[in-house]
Amino acid sequence: LFRGEPCVFADEGQYQQVLKSHRGIDSAVVISASGGKDAPHIVSHLLARKLRTCLLTCNGGSSAAKLLPASRVFVTQSIREPITYNTSTYMGMMLARTREDAKRIKQHLLKRVRPALRRVDFTKYSAFYLMVRPEFDLMREMFVTKFDELFGPRLVGRCYTEPQTRHAKTVVPWKGELFVSFGVKNKYFGTERLEIPLPPKAGPVAMMATGYYVIGCIQEQFPPWFKKNADQYAQFQKNLPF
């Protein structure tokens, strides 16, 4: 969203230190799909520091949104999803910036990616190495996070760019790890390989959609660990002291 802009980034655990370290910050944008959890506290802290603050969210009626004038709250569309999925939420925000063609991305998934997965038995593997192009380096954390959310300790998910992979990421080989490369010809890494095509001139949304689709197909072949625990976790999360 802010590629090419003179700005710094921080999550909910780092933003106060970043503000101390970068005295020249004169405004802030809080990105929170729900506008809840940590967002109200962060917005309040920023306002107390007299920083011009905006909120990018999918919930215009959230606690964080109510702390700001309507002109500083930017709401993007989303659809209802299982807890933690956050596919439509952040994808909608990204589409507002990149203007990629969502219909073409969907057709790519159905016509090119799905056939490539049809005969793959993911249950043969306990670990998955996702390899992406360098321009999608910022997407890596999203894919690793998705593995953590859907599989916890049950399956391992790693993600690096192709140049990063050259630097000692495969010292310990294992046939139980499937190397999934996205728009990358993988000739050297891993003994078990799967190449997934990307659409021509793929942007961040196409990469996110393709990666999430493949991870979803992996999830589909394994026991429903996430589904069995999602409701219980949702209740647990409500009781956390945000």
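Residues numbered from 1 in each chain as written. Predicted model: local features only at pLDDT ≥ 70, side-chain atom pairs only at ≥ 80, totals over all residues. Heavy atoms only, no water.

Undergrad: Would you take a moment to explain the packing of helix α5 (residues 140–151) against helix α7 (residues 204–221) for this structure?
TA: Think of two packed helices as two axes; the pair is described by the angle between the axes and how far apart they sit. Orientation of α5 relative to α7, taken along the N-to-C sense of each, is 25°, at an axis distance of 11 Å. When the interaxial angle is binned, α5 and α7 end up roughly parallel. For the element pair α5 and α7, the recorded crossing hand is right-handed. Along the contact surface, α5 presents M142, F143, K146, F147, L150 and F151, while α7 presents M207, M208, G211, Y212, I215, I218 and Q219. Among the residues forming the contact of α5 with α7, the class breakdown is 10 nonpolar, two polar and one charged. (Axes fitted to C-alpha atoms, helices over the stretch in contact; angles between N-to-C directions. Helix = DSSP H or I, 4+ residues; strand = E, 2+ residues; numbered from the N terminus. Parallel < 35°, antiparallel > 145°, perpendicular 65-115°, else oblique. Left-handed = near helix turned anticlockwise from the far one by under 90°. Contact = heavy atoms within 4.5 Å. Nonpolar A, V, L, I, M, F, W, Y, C, P; charged D, E, K, R; others polar.)

Undergrad: Sorry, what's going on with the nonpolar core here?
TA: It is characteristic of soluble globular proteins that their nonpolar side chains tend to be buried jointly. Core analysis: the biggest nonpolar cluster contains 41 residues, and F122, F128, F143, F182 and I218 have the highest contact counts within it. Sorting the residues of this core by element identifies α3 (87–98), α4 (102–117), β4 (127–132), α5, β6 (177–182), β7 (192–196), α7 and α8 (225–238) as the ones contributing at least two each. Beyond its immediate stretch of four places on either side in the chain, F128 contacts F122, F147, L155, V156, G157, R158, E177, L178, I218 and F222. Counting 14 residues, the second-largest nonpolar core is a separate cluster that includes Y15, A39, L46 and V73. (Core = buried A, V, L, I, M, F, W, Y, C linked by side-chain atoms within 4.5 Å. Buried < 20%, exposed > 50% of the residue type's maximum accessible area, 1.4 Å probe, protein only.)

Undergrad: It is not clear to me how the packing of aromatic side chains should be interpreted in this structure. Could you clarify?
TA: The description of an aromatic ring pair uses the distance of the two centres, along with the angle that the planes make with each other. Taken as a whole and assessed by the stated rule, the structure comprises 13 aromatic pairs. Ring centres of Y85 and F226 lie 5.4 Å apart, and the angle between their planes is 45°; on these two criteria the pair is classed as tilted. Of this pair, Y85 sits in the loop between β3 (73–75) and α3 while F226 sits in helix α8, placing them 141 residues apart in sequence. Under the relative-accessibility criterion, Y85 is labelled partly exposed at 23%. (Phe/Tyr/Trp six-rings, centres within 6.5 Å; stacked < 30°, edge-to-face > 60°.)

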